[in-house]
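Survey of secondary and tertiary structure
Below, each chain spelled out in residue letters.
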Amino acid sequence: IEMNIQTIDRKLIWHPFTQEKTSLTPIPIQRGEGAYLYDEGGKAYLDLISSWWVNLHGHGNKYIAQKIYEQASKLEHVIFAGFTHEPAVRYSQMLSEYLPDKLTKFFYSDNGSTSVECALKMSYQYWYNNGKPERKLFLSFDGGYHGDTFGAMSVGRKSGFYKPFSEHMFDVVTIPYPSTWDGDSDVEKKEDEALAFLNAQLELYGSNISALILEPSIQGASGMRVCRKE
């Protein structure tokens, strides 16, 4: 069947984070190799965004493709409630070697937004199970981006992406983010202001707080904003 990929795409598909009326026609990609993507005519495109930050080892990686094939040929999926399997157990063992001693359990999720939803629910249910259901308030930093499901949007509402959905989000206390750069003479002032605001919220809402969520070291979607590790 002959088909014009771009024409049919326009007719049938909505693309994420894309203004459908004003966006350019999407580029049909036929294959990838290393850091490059190739269209139908063989033109190469350097994938500087790692296809949304998830293709860190390059396109068409032969080793990874072989391992995916071997695993899919043996077991592609099994319900993880009441069952387990060696790859999950072995991977948890490997990860545990890199984490602080108090972080001893793993819960597998399937994407970033859902992992944030799981973390929010775990935090709230911890307090709920301990007889403190009033501890349902979350703290986050101004400009933080945590995903696009409703819980993730709520804790990232000050990132500026979610205005149409604001009335459906739960309340979150937002802390100023002390972003900085080389030669920033005001960095300590911004850090002091952020910490003072945080301390004030802890005094005010301490018995109602469930958890604090943050992007460690750098805010990506808000413009690669960096704070000092101190």
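Everything that follows concerns the structure shown earlier in this document.
Attention in this report is confined to the structure presented alongside it. (Residues numbered from 1 in each chain as written. Predicted model: local features only at pLDDT ≥ 70, side-chain atom pairs only at ≥ 80, totals over all residues. Heavy atoms only, no water.)

**What to know about the pairing of strand S4 (residues 137-141)**
The following threshold applies: Relative accessibility decides the category of a residue: with a 1.4 Å probe and only protein chains considered, values under 20% of the type maximum give buried, values over 50% give exposed, and everything between is partly exposed. Strands are runs of DSSP state E lasting at least 2 residues, helices are runs of H or I lasting at least 4, and numbering of each runs from the N terminus. Note on pairing: two strands pair once DSSP finds at least 2 bridges between them.
For S4, a buried count of 5 out of 5 residues is recorded, marking the element as mostly surrounded by other parts of the structure. Side-chain alternation along S4 places Leu 137, Leu 139 and Phe 141 on one buried face and Phe 138 and Ser 140 on a second face that is also buried. Pairing of S4 with strand S6 (residues 209-212) involves 3 bridges; the strand directions are parallel. Pairing of Leu 139 across the sheet is with Leu 212, part of S6. Relative to strand S5 (residues 172-175), S4 runs parallel, the two sharing 4 bridges.

**Quick notes on the sheet that holds strand S1 (residues 29-33)**
Which entries qualify depends on this criterion: To get an axis, a line is fitted to the C-alpha atoms, and for a helix only the part in contact is used. The angle between two axes follows their N-to-C directions and goes from 0 to 180 degrees.
The strand order across the open sheet built from 3 strands is S1-S2-S3, with neighbouring strands paired in antiparallel fashion. Of all the strands in the sheet, the pair left with one neighbour each is S1 and strand S3 (44-46). On average, each strand axis in the sheet is inclined to that of its neighbour by 30°, with strand direction left out of account. Pairing geometry for S1 and strand S2 (residues 36-39), over 4 bridges, is antiparallel.

**Some thoughts on the packing of aromatic side chains**
Aromatic ring pairs are defined here through the distance separating the ring centres and the angle between the ring planes. Quick note on the threshold: Working definition: rings of Phe, Tyr and Trp (its six-membered ring) pair if their centres are within 6.5 Å, and the pair is stacked with planes under 30 degrees apart, edge-to-face with planes over 60 apart, and tilted otherwise.
If you walk through the whole model with that rule in mind, you get 8 aromatic pairs. On the basis of an interplanar angle of 25° and a centroid distance of 6.3 Å, the ring pair of Tyr 91 and Tyr 108 is categorised as stacked. Note that Tyr 91 is positioned in helix H4 (residues 86-96) and Tyr 108 in the loop between H4 and helix H5 (112-129), a separation of 17 residues in sequence. By relative accessible area, Tyr 91 is classed as partly exposed at 44%. An aromatic cluster is defined as three or more aromatic residues linked by ring pairs; in this entry it consists of Phe 80, Tyr 91 and Tyr 108.

On their own, these measurements won't tell you what the molecule is for.
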